[in-house]
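The residues making up each chain are set out below.
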Amino acid sequence: SDDYRLVSRKWKVNPTVIDFGDGLTVQEGDLTIMAGPCSIENEDQIEKTIQHLVANNVRFMRGGVFKPRSSPYSFRGLGLEGLKLFYDMCRAHGIKIVTEVMQVSQIAPMEPYTDVFQVGARNTQNFNLLDELGKVDKPVLLKRGISGTIDELLYSAEYIFSGGNEKLMLCERGIRTYETASRNTLDLNAIPILKEKTHLPVIVDPSHGIGIREYVEPMALAAIMAGADGIIYETHEKPEEAASDGAQTLSFSESERLIRKMQKTFELR
Ligand code: PEP
Ligand code: MN
């Protein structure tokens, strides 16, 4: 059969646990929080974000240095030099980094400076990239394609998993629908469906999912109640000055409030 199988709960009943060392894991039954800017901008921004995360016990910082932008004239990221700075500063504080890899040729140079390779929604079906990430000994956060079905996400996960890399997390980040009132439509339905179909952790990105700062919090809380194993969202000291995705980015005080509400919500589940 050409069905996906290795990522299926039928094949592996026990939920996948991704171990980062230092007592840090991503797994079912925990609530993993990943936060940070859309784009890494400069040393000061990284430092301020780290302070915010450390103060709130958040162990993963997200941030892109290779940015897939709709317009080629938009800020496209600091590249490998920015990644080295980002990684070194976070490592000094025990924070793991999540950052997007856009193409095969970036994997090797990024590897020494990356804790989690993010595959963005525009690359979910870049099968050459998925094949190569299957050979890497580093966790991967695989986002759902912009117009991708749940099954297509699982087939993409199967590429990586069957290639030998079992340190894999899935990410629901909203899909393109006919609705234009929000940036994307966060598919809350996907959460319980994925949790039934696969043993892989399911992380939800409410920032890209709705695209509107004020509504990131309710969507994050809804995702937790729907069974998400983690939330990844965008935060910045001055969202209105962010180099990308400012409109969906939380200030640090909004982020702090969200963290508290997520923890309370998780306890209710
Ligand atoms: C991002 O995480 O900033 C990003 C570009 O996400 P996505 O691939 O989901 O659009
Ligand atoms: Mn973004």
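Nothing here was measured: the structure is a model prediction, and the numbers come from that model. (Residues numbered from 1 in each chain as written. Chains lettered and ligands numbered in written order. Predicted model: local features only at pLDDT ≥ 70, side-chain atom pairs only at ≥ 80, totals over all residues.)

**Describing the UniProt feature "domain: DAHP synthetase I/KDSA" (unreviewed entry) in the protein**
Under the local residue numbering, the UniProt record ascribes the feature "domain: DAHP synthetase I/KDSA" (unreviewed entry) to residues 30-269. A helix fraction of 40% and a strand fraction of 14% characterise residues 30-269, whose end C-alpha atoms lie 11 Å from each other. (UniProt positions renumbered as here; feature names shortened; annotations may be inferred. Helix = DSSP H or I, 4+ residues; strand = E, 2+ residues; numbered from the N terminus.)

**Regarding the site of ligand 1**
What surrounds ligand 1 is the set C38, G64, P68, G120, A121, R122, K143, R173 and H208. A per-class count over the shell around ligand 1 returns 3 nonpolar, 3 polar and 3 charged. (Near = placed C-beta within 6 Å. Nonpolar A, V, L, I, M, F, W, Y, C, P; charged D, E, K, R; others polar.)

**A word on unusual backbone geometry**
Excluding glycine, residues mostly carry a negative phi; peptide bonds, for their part, are mostly trans. Phi angles above zero are rare outside glycine, and D22 is one such case at about 55°. Among the secondary structure elements, D22 is positioned in the loop between strand 1 (18-19) and strand 2 (25-26). Here D245, not a glycine, exhibits a phi torsion of approximately 55°, which is positive. According to the C-beta neighbour criterion, D245 is buried, with 20 such atoms within 10 Å. (Buried ≥ 20, exposed ≤ 12 C-beta atoms within 10 Å, placed from the backbone.)

**Remarks on the environment of E41**
Within the fold, E41 resides in the loop between strand 3 (32-36) and helix 1 (43-55). Sequence separation between E41 and F86 is 45 residues, and the spatial gap between their C-alpha atoms is 9.6 Å.

**Observations regarding the sheet that holds strand 8 (residues 168-172)**
Read around the closed barrel, the 8 strands follow the order 3-4-5-6-7-8-9-10; overall the barrel is parallel. Going from strand to strand, the sheet's axes swing by 25° on average, the running direction of each strand aside. Relative to strand 6 (residues 116-119), strand 5 (residues 96-100) runs parallel, the two being bridged by 3 bridges. Each bridged residue has a counterpart across the sheet, and for E100 the counterpart in strand 6 is Q118. (Pairing = 2+ DSSP bridges. Axes fitted to C-alpha atoms, helices over the stretch in contact; angles between N-to-C directions.)

**What to know about the pairing of strand 8**
In terms of residue burial, strand 8 counts as a mostly covered element, since 5 of its 5 residues are buried. Judged by which residues are buried, strand 8 turns out to be covered on both faces: L168, L170 and E172 on one side and M169 and C171 on the other are all buried. Between strand 7 (residues 140-143) and its parallel partner strand 8, the chain crosses via helix 5 (residues 150-162), and the hand of that crossover is right-handed. Strand direction decides the pairing type here: strand 8 and strand 9 (residues 202-204), joined by 3 bridges, are parallel. In the strand pairing of strand 9, E172 is matched with V204. (Right-handed = clockwise from strand over helix to strand, strands pointing away.)

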